[in-house]
Amino acid sequence: MSAAASLKNVSFQYANGDAGALNELNLEIAAGECVLLCGSSGCGKTTVTRLLNGLIPHYYEGRLSGDVTVMNRRISDTAIEDLAGVVGSVFQNPRSQFFCVDTTAEIAFGCENMGLPEAEIRARIDRTVSGMHIHKLLNRSIFNLSGGEKQKIACAGVAAMLPDVIVLDEPTSNLDLDAIAELREILAQWKAQGKTIVLAEHRLGWLKGLCDRILLLENGSISAEFNGETFFSLSTDALNRMGIRAFQSANNYLEWKTGLYPIKPFTEHGSILLKHFTYSYGKHKAIDIERLAIPIGAVTAVVGHNGAGKSTFTKCLCGLQKNFRGSITVNGTICRRKNWTKQSYMVMQDVNHQLFAESVLDEVLLGSDDSETQTALQILEKLGISACKDRHPMSLSGGQKQRTAIASAILAGKKLLVLDEPTSGLDFRSMEDTAELLRSLDSDITVLIVTHDMELIDRCCTHILHLENGTI
């Protein structure tokens, strides 16, 4: 097979990073091949995808040496707009690649930029929508989509451009198991069409039978290489020793049925009690909870399928969503919303929206004084990112950014911590470090974790709240 992409003796160091993201990397990807890049957070996976789609060197600045070619085009000599029809990209956070406010226009956007005739664009949209079975997502507001629905629109926008190479960076980090299965079908379609697919991913089990080759990266270099059959026959212990997650968690809490497990009733004392808790997007009632008692000091997982209302619920609980209705009682005392908001802290799903300082340590210390420096350093050490304390937060990998935000939340000393997908983009060891830290928090801190990560739930959650269609 001919080469779809080639990296020869490639080294790259980000302009605002302390270490080289890639070191003398050599990689050749055959046309029609599906290649999985895995390894710990910050090992260089995302950097490889950015080289393939031209974001390096045309967007991300740094020192680049070596040759990168994609479909016989030398990346450094090819304008990024000329790569759009050749390489399609699906990012970890699909919102970062959206340009339109409605879904149909977003799917058409790439084709319009390629200068295609209107009739051809409409035909491509029709074929893509039909092939991906996303008719119900047309003509919707981007802002009202769930994480999984946004990912589907991102994939549809890429598919409509008919690129030869498709790169995906942590595409399942915010998806539930059903949405992951649907994404797998999309990739299987692309592979059947002869597309070259390159993925950087931590959640791996769903890729069994799709990937031809698996590359393990460590410190910017390839440390191991497997074919698909060999890799997906490895034991969980073998994977964990390499810092890779198990292919599948033993538990799927979305499958638990009401009444199957005993539910301990909570009294008003010792709990955060919500009554008549509702929120609507226009005429659509997104949250409708008559009564809910959240045990104080517990680590509660908030689970549910994409679009179930999990993020909306937690934003209302933290006071970040205006015009929600209902009362909040803490330890039997009705709490004014303004006062409760001051006691709450939320780590958002898109952590880039809440990183402001010039260094990781300064970020964690925002709102604190210098007397907290030692405590902040201890938290960073527990989370495995103390070596990054002087780096700019935006120079970090996705997983490292997430841990920086978690450290900020812990040091803030709030009584309610809400973490929205805190392990998205985290490798196995980082996930375990995060779970251990959440388990070790003071007993008067209540933690809610919105997550699809069943391994994280296994390791640190004491209770589970299952939402569907805005109800318990």
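Quick note: structure is the one above.
Residues numbered from 1 in each chain as written. Predicted model: local features only at pLDDT ≥ 70, side-chain atom pairs only at ≥ 80, totals over all residues. Heavy atoms only, no water.

When its secondary structure is counted, the protein chain shows 15 helices and 19 strands. In terms of overall dimensions, the protein chain is globule-like: its C-alpha atoms have a radius of gyration of 23 Å, near the 23 Å expected for 472 residues. Put simply, the protein chain has 472 residues, and 53% of those count as buried. Accessible surface, the protein chain as shown: approximately 21,200 Å² in total, 48% of it carbon and sulfur. Positive and negative side-chain charges in the protein chain, numbering 46 and 54 respectively, have mean positions lying 6 Å apart. (Helix = DSSP H or I, 4+ residues; strand = E, 2+ residues; numbered from the N terminus. Rg over C-alpha atoms; globule rule 2.2 N^0.38 Å. Buried < 20%, exposed > 50% of the residue type's maximum accessible area, 1.4 Å probe, protein only. Areas by Shrake-Rupley, 256 points an atom, 1.4 Å probe, with all protein chains shown as cover. Lys, Arg positive; Asp, Glu negative; His and termini not counted. Charge placed at Lys NZ, Arg CZ, Asp CG, Glu CD.)

We now examine helix H6 (residues 177-192). Its 16 residues give H6 an end-to-end C-alpha distance of 23 Å, which sits within 8% of 22 Å, the value for a rise of 1.5 Å per residue. Taken together, the buried residues of H6 touch helix H4 (118-132), helix H5 (147-160), strand S7 (165-169) and strand S8 (196-200). Among the residues trailing H6, Gly194 stands out with phi positive, at a value near 85°. (Expected span 1.5 Å × (residues − 1). Contact = heavy atoms within 4.5 Å.)

This paragraph deals with the side chain of Thr172. Structurally, Thr172 is set in the loop between S7 and H6. Not counting residues within four places of it along the chain, the set of residues in contact with Thr172 comprises Ile180, Leu183, Glu201, Arg203 and Trp206.

Let's shift gears to the packing of aromatic side chains. Counted under the stated rule, the structure contains 11 aromatic pairs. Arranged with centres 4.9 Å apart and planes meeting at 85°, the rings of Tyr59 and Tyr60 form a pair that is edge-to-face. Judged by relative accessible area, Tyr60 falls into the partly exposed class, the value being 26%. Geometrically, the ring pair formed by Phe232 and Phe247 is tilted, given 5.1 Å between the ring centres and 40° between the ring planes. Here Phe247 lies in the loop between helix H8 (236-241) and strand S11 (271-281) and Phe232 lies in the loop between helix H7 (228-231) and H8, a separation of 15 residues in the sequence. By relative accessible area, Phe247 is classed as partly exposed at 21%. Three or more aromatic residues joined by ring pairs make a cluster, and in this case those are Phe12, Tyr14, Tyr59 and Tyr60. (Phe/Tyr/Trp six-rings, centres within 6.5 Å; stacked < 30°, edge-to-face > 60°.)

Here we come to empty space enclosed by the protein. It is the rolling of a water-molecule-sized probe over the atoms that shows where space remains empty. Inspection of the entire model under this criterion finds three cavities of 30 Å³ or more. The computed volume of the largest cavity comes to approximately 90 Å³. Lining the largest cavity are Glu170, Ser173, Glu201, His202, Arg203, Arg245, Glu421, Thr423, Ser424, Gly425, Leu426 and Asp453. In terms of residue class, the lining of the largest cavity is built from one nonpolar, five polar and six charged. Of the voids in this model, the second largest cavity is the one considered here, and its volume is about 40 Å³. (1 Å grid on protein atoms, 1.4 Å probe; cavity = no way out; pocket = protein on both sides within 12 Å on 5 of 7 lines; lining within 4 Å. Points joined across faces, edges and corners; volume = space filled by probe spheres on them. Nonpolar A, V, L, I, M, F, W, Y, C, P; charged D, E, K, R; others polar.)

Structural measurements only, silent on function.
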